[in-house]
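# Breakdown of the fold
Each chain is listed here by its residues.
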Amino acid sequence: MSLYRSRALLGGLLAFLLSSIGSQALALEAPTGPVILVVSGNITETNIGDEAHFDSDMLQALEQRETVTGTPWHEGRVTFSGPLGRALLKTVGAHGDTMKVVALNDYTSDIPVTDFEEYDVILAMSADGRRLRIRDQGPLFVIYPFDEKPSLLNEEVITRSVWQVKAIEIH
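Please read all numbers here as calculations on a predicted model, not as lab measurements. For every chain, the first residue of the written sequence is number 1, and numbering continues from 1 along that sequence. With pLDDT at 70 or above as the cut-off, local features in this predicted model cover only qualifying residues; side-chain atom pairs require 80 or more to be listed or tallied, and sums for whole chains, interfaces and linings still use all residues. The basis for every side-chain value is the complete set of heavy atoms in the structure, and neither hydrogens nor water enter the calculation.

What follows covers the packing of aromatic side chains. In this description, an aromatic ring pair is defined by two values, namely the gap between the centres and the angle between the planes. The criterion for an aromatic pair is that two Phe, Tyr or Trp rings (for Trp, the six-membered ring) have centres within 6.5 Å, with stacked assigned to planes under 30 degrees apart, edge-to-face to planes over 60 apart and tilted to the rest. Taken as a whole, this structure holds five aromatic pairs when the rule is applied. Ring centres of Trp73 and Trp163 lie 5.4 Å apart, and the angle between their planes is 75 degrees; on these two criteria the pair is classed as edge-to-face. Separated by 90 residues along the polypeptide, Trp73 in the loop between β3 (64-70) and β4 (77-83) and Trp163 in the loop between α5 (155-158) and β11 (165-170) bring together distant segments of the chain. Under the scheme applied here, a residue whose accessible area is under 20% of the maximum for its type counts as buried, over 50% as exposed, and between as partly exposed, the area being computed with a 1.4 Å probe on protein chains only. The partly exposed category is assigned to Trp163, whose relative accessible area is 32%. Taken together, Trp73, Phe80, Phe141 and Trp163 form an aromatic cluster joined through their ring pairs. Helix and strand labels come from DSSP, where a helix needs a run of H or I of at least four residues and a strand needs a run of E of at least two; each type is numbered from the N terminus.

Structure follows, in structure tokens:
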């Protein structure tokens, strides 16, 4: 076998291996801890059936943001932290116009996907450095940057600030 042909074969093999590794690195891994969020609907990245299940570690691996804001449910300003909503949408390959966000008590709110794209909306996992428990409006709380964008502090957006989030359906 000629040197040129050997190099071409080796190059092709290397390209194949790198593309295989790259595609595996982008795949949504299965959760290893308790599932706290299930995303379904019009998504391309799944890990259990046709849904994307997330445990706490998976959500913490997404792009994070800290939002310091007042809310109608807290006294004073609170420092919330958690993954950016748009990072979650990107991770699951969401394609749709609206999201139905479902709470543990089955309260639902329809949120335009554009809210997550245009504003730094987070799925808060902690408040003032403490993990949000169910009795603290956790495990996930949709938090808008109300102090940064005072126009968001209106009845329509307040109803989108779902706490105790368990699921998001993309439509």
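As a further point, take the nonpolar core. Here, nonpolar core means buried Ala, Val, Leu, Ile, Met, Phe, Trp, Tyr and Cys residues that are tied together by side-chain atoms lying within 4.5 Å of each other. If you look at the biggest cluster of nonpolar residues, it comprises 42 residues, and the most contacted ones within it are Leu37, Val39, Phe54, Leu88, Val142 and Ile168. For this core, the element with the most residues is helix α3 (residues 85-92), which contributes four residues. Pairs of residues are marked as contacts when any of their non-hydrogen atoms sit within 4.5 Å. Excluding residues within four positions of it along the chain, Val39 makes contact with Glu51, Ala52, Phe54, Leu88, Val92, Ile168 and Ile170.

Let us look at the pattern of salt bridges. We count a salt bridge whenever a side-chain nitrogen from Lys or Arg sits within 4 Å of a carboxyl oxygen from Asp or Glu. The tally for this structure, following the rule as stated, stands at eight salt bridges. Two residues, Asp120 and Arg86, come together in a salt bridge whose shortest N-O distance is 2.2 Å. Pair noted here: Asp120 is in the loop between α4 (113-118) and β7 (122-124) and Arg86 is in helix α3, with a separation of 34 residues, a long-range link. Residue classification places Asp120 among the partly exposed positions, given a relative accessible area of 22%. We note a salt bridge from Asp136 to Arg133, for which the minimum N-O separation is 2.7 Å. On the accessibility criterion, Arg133 (42% relative accessible area) is partly exposed. Three or more residues joined by partner-sharing salt bridges are found here, namely Arg65, Arg86, Asp120 and Glu148.

Let's shift gears to the sheet that holds strand β8 (residues 126-127). In space, the four strands of this open sheet follow the order β3-β4-β8-β9, with antiparallel pairing throughout. In the strand order of this sheet, the two ends are held by β3 and β9 (130-131), each with one partner. Strand pairing is assigned whenever DSSP identifies at least 2 bridges connecting the two strands. Relative to β4, β3 runs antiparallel, the two sharing seven bridges. For Thr69, the partnering residue across the bridge sits in β4 and is Val78.

Next up on the list: unusual backbone geometry. A cis amide bond links Gly138 with the next residue in sequence, Pro139, at an omega value of 10 degrees. Locating Pro139 in the fold gives a position in the loop between β9 and β10 (141-143). Residue Asp128 is not a glycine yet carries a positive backbone phi of 50 degrees. Note that Asp128 resides in the loop between β8 and β9. One non-glycine residue, Gln164, lies in the positive phi region at around 55 degrees. Within the secondary structure layout, Gln164 lies in the loop between α5 and β11.

Shape descriptors only; they carry no functional weight alone.
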